[in-house]
Each structure stands twice: as structure tokens, then as C-alpha cells.
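Residue-level structure breakdown
Each chain, letter by letter, is given below.
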Amino acid sequence: MLVNGLRMGFLNFFGQLPDNLMSEESDSLRTSPSVASLSENELQLSKQPGYVCSLTEELITKAREELQEKPEWRLRDVQALRDMVCKDYPNLSTSLDDAFLLRFLRARKFDYDRALQLLVNYHSCRRSWPEVFDNLKPSALTEVLASGFLTVLPHSDPRGCQVVCLRPDRWIPSNYPITENIRAIYLTLEKLIQSEETQVNGIVILADYKGVGLAKASHFGPFIAKKVIGILQDGFPIRIKAVNIVNEPRIFKGIFAIIKPFLKEKIANRFFLHGSDLNSLHLNLPKSILPKEYGGTAGELDANAWKEVLLASEEDFVKEFCRPLPPSSSLLQDTTMVEGITSEVQGDDSIRGVKSQLYSCY
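Residues numbered from 1 in each chain as written. Predicted model: local features only at pLDDT ≥ 70, side-chain atom pairs only at ≥ 80, totals over all residues. Heavy atoms only, no water.

In the nomenclature of an unreviewed UniProt entry, the chain corresponds to Alpha tocopherol transfer protein like from the organism Vombatus ursinus.

Written out as C-alpha cells, the structure is:
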């Protein structure tokens, strides 16, 4: 503890020195295989504002109990993860500021190794699926956002979870491919995870499958399912606390048969199928936070409000997702990626298999 305290003291002190002196001192204080890459990381880090905790006392207590987060050790833990990135992945083009790295520590309950793997997976999936992540900004998705396919309810659930509402019936496949829906979902998650409250509490998904038939379901095959679930489970720093499915037709049995093999047991157990029984839904999500479309008392569902929130963040997304990225081979040549995140080619056999499963449930 004494050594760690002295080390952090030195880091805090030298953080106030000019850049040229800070780089020299940082080289002696951190372990990194590349002085050049470390200097670049340090330059990037020096431009970031210092971390200021926005959590309430109640959430600090919750983070301590559920995430093993200790406020007195928080910056030490962030520094440990930062050092691991510089040492093990010096070519990983990533933010190293406190607030960004905290997302990954919280998502993996401050297990350094698992947080590092999650960070690497996060960048791996962004580079392995260009159809989703290239030019990812709200203005490029106005048609999806205006369709009502996705929104975030204005009120959180009793546990403090934000509620993401998905309505696949609003998607018309002839207008744009299913990857545009996935882009909108990812954009929403990126916006939500900026909140420290969401990092601690997590999110809940409410998916309404009313009117979804074979034609739409066939677009969501094993290739898409594996990629999406791989990102949500192992490639994004967010905690999914529950997935509530309502108005699912018979065809959903086929959809879930495609999804389930890729789900971890913990996540699979958080799926709740309510059918058309809104009373069942209200056991998980109270009426007070739900729109009247789902038997709630919170007014009509307004998809436009979330669209405006995202459009107001256009500049942030342009800065993060619309700049050229180095080739994935140069960044992640030593990376062991989690199954489900790596790039694959969808074959005819997969498509035939999906359709046979869906037809059997019809």
C-alpha cells in the first residue's frame, strides 16, 4: 500500500509538469514496450479532464457492494488498467482517460484482466464489422430513428435501470438493411454508457415483437445473432439486467432458438417472455414508467425525444466514429478475441438453416 501510495503521489505531481518533462518522468514510472507509443498515449491523456465522480452516496454504496468499487482505490485501479494497456497493447488506439477506463472496470467488477479483455474486444468488434461501425453518427440514421424502431423511456425502473424499447414492427426491410437497426442500437448504448449512473445500474430492454413474421425474422440469422450477442455480452461495457419480450408471435420460438446457443446462462436467465399478458410485464416493469401502449400511466410513447437527444450529440459521435482507423491487423495482432466477435462470412447453409427453423415454428 505504501508503494502504491508513493507511486500515485509521483504520478499526480508529475501530471502538473510541462509535457516534455512529464513524458520523461512517465517513462520511468510506467512499464511499456514502446517509448513512442507511450508518449503518444501520454499526450492524449494530458488533454483529458480529470475525473470527477458524479455518483450519489447511494450509488457509491451500490457500486461498492455489487461491483467491488472502492472510491479510495478507484484511481489506483484505473491506473493499473492503463498500465496494462500500455504494456500489453501499445498499438491499441484507445482513450486512456479515467472516465472511459472506468466503464470497463465497472462492467467487469474491477477485475483487471477481464476489464482489459473487454476493452480489447470493444475495439475488435468495431474494426471487424465496418457495415455497422463506419461513419456511425446520428445524422446517418435519421430514417431509423424517425421510424420509432428504438427509443429510451423517459423514466428508469425501480432499480435505476434505463429502459431501451425496441419495436421491430416499425422496420420496413425494403427501406434499409437490418444492420441500420443494429447501428441505431449501438449508438444508443454509446450514449447511455456515458452516464455513471447507467454504468452502475445497467439497462433493461423491452422488445415488442407484435407483427413480426417470417419475412422479417429471416433477416436475423445466426451470423447477425452471433455478432450482436457477442458485442452485447463480451464487447461492450454495459450491464443488461433484463430483457422483457412482449407480443411475441409463434415465430419467436424460431428466433429464440437462433439466439439461445450464443447466450451465456446468466443472460439467458434474464429473458422474460410475457406474450400479450401486460400484467406479467408489470411484475417486472411498473405501470408508472411505461407508456399507455403497454398498459402504463406515463403517457404516449414518444420516439422523437430520444432521436433529438442523439442528434444533439452529433459532434461527439463524429469525433469518435468518423475518423480513419489504423488497420485492425496492426492494432490487434496479438489479440485473442472472444468467439462471436470475429468477422465471418454468412454462407448459404446458415440461411437455409434459419429458414427451416423458422418455418418449423410457423
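1. What about the pairing of strand E2 (residues 162–166)?
Burial analysis of E2 places 4 of its 5 residues in the buried class, which makes it a mostly covered element. As paired elements, strand E1 (residues 150–152) and E2 share 3 bridges and run antiparallel to each other. Across the sheet, residue Val-152 finds its bridge partner in E2, namely Val-164. Two strands pair when backbone bridges link them, and E2 and strand E3 (residues 203–208) are joined in this way by 5 bridges, in the parallel orientation. By the bridge assignment, Leu-166 is partnered in E3 with Ala-207. (Buried < 20%, exposed > 50% of the residue type's maximum accessible area, 1.4 Å probe, protein only. Helix = DSSP H or I, 4+ residues; strand = E, 2+ residues; numbered from the N terminus. Pairing = 2+ DSSP bridges.)

2. A look at the layout of surface pockets
Here the largest pocket defines a volume of roughly 1200 Å³. A total of 7 residues in the lining of the largest pocket trace back to one element, the largest contributor, which is helix H10 (residues 178–192). Both domains that meet at the lining of the largest pocket, namely domain 1 (57–128) and domain 2 (131–322), each give it at least three residues. (1 Å grid on protein atoms, 1.4 Å probe; cavity = no way out; pocket = protein on both sides within 12 Å on 5 of 7 lines; lining within 4 Å. Points joined across faces, edges and corners; volume = space filled by probe spheres on them. Domains from an automatic or database assignment.)

3. Considering the nonpolar core
Core analysis: the biggest nonpolar cluster contains 75 residues, and Trp-129, Phe-133, Tyr-186, Ile-203, Phe-236 and Leu-263 have the highest contact counts within it. Mapping this core onto the domain boundaries places at least three of its residues in each of domain 1 (57–128) and domain 2 (131–322). In contact with Phe-236, other than residues within four places in its own chain, are Leu-118, Tyr-122, Tyr-186, Leu-189, Glu-190, Ile-193 and Ile-231. Core analysis: the second largest hydrophobic core is formed by 14 residues, Leu-153, Leu-206, Val-246 and Leu-281 among them. (Core = buried A, V, L, I, M, F, W, Y, C linked by side-chain atoms within 4.5 Å. Contact = heavy atoms within 4.5 Å.)

4. Remarks on the packing of helix H6 (residues 98–107) against helix H7 (residues 112–128)
Contact geometry of H6 with H7 gives a least axis separation of 8 Å together with a crossing angle of 120°. Classified by the interaxial angle, the pair formed by H6 and H7 is oblique. Handedness of the H6/H7 crossing: right-handed. Across the interface between the two elements, Phe-100, Leu-101, Phe-104, Leu-105 and Ala-107 from H6 touch Tyr-112, Ala-115, Leu-118, Leu-119 and Tyr-122 from H7. (Axes fitted to C-alpha atoms, helices over the stretch in contact; angles between N-to-C directions. Parallel < 35°, antiparallel > 145°, perpendicular 65-115°, else oblique. Left-handed = near helix turned anticlockwise from the far one by under 90°.)

5. Some points on the packing of H10 against helix H13 (residues 222–234)
How two helices pack is summed up by the angle between their axes together with the distance between the axes. Remark: H10 packs on H13, axes separated minimally by 12 Å, with the N-to-C direction vectors making an angle of 5°. The angle between H10 and H13 falls in the class roughly parallel. Residues Ile-178, Ile-182, Tyr-186 and Leu-189 of H10 form the contact with H13, whose participating residues are Ile-224, Val-228, Ile-231 and Leu-232. Across the contact of H10 with H13, the residue classes break down as 8 nonpolar, no polar and no charged. (Nonpolar A, V, L, I, M, F, W, Y, C, P; charged D, E, K, R; others polar.)

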